[in-house]
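Spelled out, the chains give:
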Amino acid sequence: MGNVVVFGNQKGGVGKSTLAVLYAWWLAEMQRRSVCVIDLDTQANSSKSLRQFTTGLEASRLFDQAAPTPLPTGGRAVSLVASSRCMADVELARPELVIPAFRRSVTRLAQDFDAVVIDTPPALGLRMSAALIAATAAVCPIELEEYSIDGVTDMLKTIFGVRQRHNPQLRLAGIVLNRFNPRSLRQKAAMQELAENFREFVIPARISIRSAIPEALAEEMPVWRLPKTAAREASAELMRVFELLQQRIDCSCGPAPEREVWA
């Protein structure tokens, strides 16, 4: 069974989709693992960046409880199960029917791929709940701003609640510091606050604001393929973060979530 890794934060604009896409590329190109990416976000940013890998299957079909959906197999390095306009309608479905169906679909995918990466919407709802219930690991990207830190607290409560009630296999792989500006005193203060409150959950590396990252995604390629000095610097930061994340994910020994870090 492959790992099922959810990228989530209940606050938008923190680079969740960007990191999910680059992590999938890193797994495929640097780790030689087969990866299935599921885009549950109606903004469909992951689907746009990875459209060259589309399988033709829409992510909304994974919630279909009526009949088993034909799923892609791990023949390619990356396979995309894309978002669509129908995705928002999933929130109106009956959770007791569609969440077990989604979990079964993801379990079948995890049998054929080395990893399943799920990009979630930036709000708690049926789709995020379903993703966490189906996952083995959760990654929480954060931008070092006041509202983003508040969002981390809410996300940790959600992750630990799902683990306790629905999915004891779920682990918090880590909080990823994204879009860091080393010249910002406000961000440095926020980083200190984060370290004081969530030290054992924070990945001890950070990703700076790098123009090469959105430039590469606009070209539908990972940043390490761009022939630029700025791209090399961005790649070094990303790869360090992904290596540390993967160590936690592969050993399934992330920090125990029972500690109430939000108290």
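One can find the structure itself at the top, above this paragraph.
Note that the structure is a prediction, hence the values are computed from the model and not measured. (Residues numbered from 1 in each chain as written. Predicted model: local features only at pLDDT ≥ 70, side-chain atom pairs only at ≥ 80, totals over all residues. Heavy atoms only, no water.)

Colleague: Lay out the environment of Gln 52 in plain terms, naming residues and giving numbers.
Modeller: Following the sequence through the fold, Gln 52 ends up in the loop between α2 (45-49) and β3 (54-58). Overall, the relative accessible area of 43% leaves Gln 52 in the partly exposed class. Sequence-wise, Gln 52 and Val 116 are 64 residues apart; in three dimensions their C-alpha atoms are separated by 17 Å. Ignoring anything within four residues of it in the chain, the contact list for Gln 52 reads Trp 25, Arg 76 and Glu 220. Separated by 2.9 Å, the side chain of Gln 52 and the backbone oxygen of Glu 220 make a polar contact. (Helix = DSSP H or I, 4+ residues; strand = E, 2+ residues; numbered from the N terminus. Buried < 20%, exposed > 50% of the residue type's maximum accessible area, 1.4 Å probe, protein only. Contact = heavy atoms within 4.5 Å. Polar contact = N/O pair within 3.5 Å; in protein donor to acceptor, adjacent residues only side chain to side chain.)

Colleague: Tell me about the pattern of salt bridges, and name the residues and values.
Modeller: For side chains bearing opposite charge, pairing can occur when the charged atoms are close. Summed over the entire model, instances satisfying the criterion amount to 11 salt bridges. When the shortest N-O distance is used, the salt bridge between Asp 119 and Lys 16 registers 2.8 Å. Placement of Asp 119 in strand β5 (residues 115-119) and of Lys 16 in helix α1 (residues 16-30) is noted, with a sequence separation of 103 residues between them. Across this residue pair, the class does not change: Asp 119 and Lys 16 are buried. Note that Asp 250 is salt-bridged to Arg 33, the shortest N-O span being 3.0 Å. Taken as a pair, Asp 250 in helix α8 (residues 229-251) and Arg 33 in the loop between α1 and β2 (35-39) lie far apart in primary sequence, 217 residues in all. According to the relative accessible area criterion, Asp 250 is partly exposed, its value standing at 40%. Through salt bridges that share partners, Lys 16, Asp 41 and Asp 119 make up one connected network. (Salt bridge = Lys/Arg side-chain N within 4 Å of Asp/Glu carboxyl O.)

Colleague: Could you give an account of the nonpolar core, with specific residues and numbers?
Modeller: With 51 residues, the main nonpolar core has Ile 38, Ile 118 and Ile 175 as its most contacted residues. Beyond its immediate sequence surroundings of up to four residues, Ile 175 is in contact with Cys 140, Ile 142, Val 152, Leu 156, Leu 194, Phe 198, Phe 201, Val 202 and Ile 203. (Core = buried A, V, L, I, M, F, W, Y, C linked by side-chain atoms within 4.5 Å.)

Colleague: Describe the pairing of strand β8 (residues 202-208), naming the residues involved and giving the relevant values.
Modeller: Within β8, 5 of the 7 residues are buried, which leaves the element mostly enclosed by the surrounding structure. Where strand β7 (residues 171-180) meets β8, 3 bridges bridge the pair, whose relative direction is parallel. If you follow Phe 180 over to β8, its bridge partner there is Ser 208. (Pairing = 2+ DSSP bridges.)

Colleague: I'd like a description of the packing of aromatic side chains, backed by residues and values.
Modeller: According to the stated counting rule, one finds 7 aromatic pairs in the structure shown. Ring plane angle 50 degrees and centroid distance 5.5 Å describe the contact between Phe 7 and Tyr 23, whose orientation is recorded as tilted. Within this pair, whereas Phe 7 is found in strand β1 (residues 3-7), its partner Tyr 23 is found in helix α1, the two being separated by 16 residues in sequence. Here Phe 7 and Tyr 23 have matching classes, each one buried. Taken together, the aromatic side chains of Phe 7, Tyr 23, Trp 26 and Phe 242 make up a single cluster linked through ring pairs. (Phe/Tyr/Trp six-rings, centres within 6.5 Å; stacked < 30°, edge-to-face > 60°.)

Colleague: Run through unusual backbone geometry, naming residues and quoting values.
Modeller: Positive phi values are uncommon outside glycine, yet Arg 179 reaches one of about 55 degrees. Of the residues examined, Arg 179 reaches a relative accessible area of 32% and is grouped as partly exposed.

Colleague: I'd like a rundown of a negative patch on the surface, residues and numbers included.
Modeller: On the surface, Asp 150, Asp 154, Glu 193 and Glu 196 cluster together to form a negatively charged patch. Elements with a contribution of two residues or more to the negative patch: α5 (146-165) and α6 (185-198). Here Glu 196 shows up in helix α6. (Patch = residues over 30% accessible without salt bridge, like charges linked within 9 Å, V, L, I, M, F, W, Y side chains within 5 Å. Areas by Shrake-Rupley, 256 points an atom, 1.4 Å probe, with all protein chains shown as cover. Lys, Arg positive; Asp, Glu negative; His and termini not counted. Charge placed at Lys NZ, Arg CZ, Asp CG, Glu CD.)

Colleague: Tell me about the packing of helix α3 (residues 95-112) against helix α4 (residues 126-134), residues and numbers included.
Modeller: As a packed pair, α3 and α4 sit with axes 9 Å apart at the nearest point and diverge in direction by 45 degrees. Taken together, α3 and α4 sit at an angle that is classed as oblique. Along this stretch, α3 crosses α4, giving a crossing that reads as right-handed. Across the interface between the two elements, Pro 95, Val 98, Ile 99, Phe 102, Arg 103 and Val 106 of α3 pack against Leu 126, Ala 130, Ala 131, Ile 133 and Ala 134 of α4. Its residues placed into classes, the contact of α3 with α4 shows 10 nonpolar, no polar and 1 charged. (Axes fitted to C-alpha atoms, helices over the stretch in contact; angles between N-to-C directions. Parallel < 35°, antiparallel > 145°, perpendicular 65-115°, else oblique. Left-handed = near helix turned anticlockwise from the far one by under 90°. Nonpolar A, V, L, I, M, F, W, Y, C, P; charged D, E, K, R; others polar.)

Colleague: How would you sum up the packing of α1 against α8? Please name residues and give values.
Modeller: α8 packs onto α1 with a crossing angle of 80 degrees between their chain directions and a minimal axis gap of 11 Å. Between α1 and α8, the interaxial angle falls into the category roughly perpendicular. Here Leu 19, Leu 22, Tyr 23, Trp 26, Leu 27 and Met 30 of α1 come into contact with α8, specifically with Leu 238, Met 239, Phe 242, Glu 243, Gln 246 and Ile 249. Split into classes, the residues belonging to the contact of α1 with α8 amount to 10 nonpolar, 1 polar and 1 charged.

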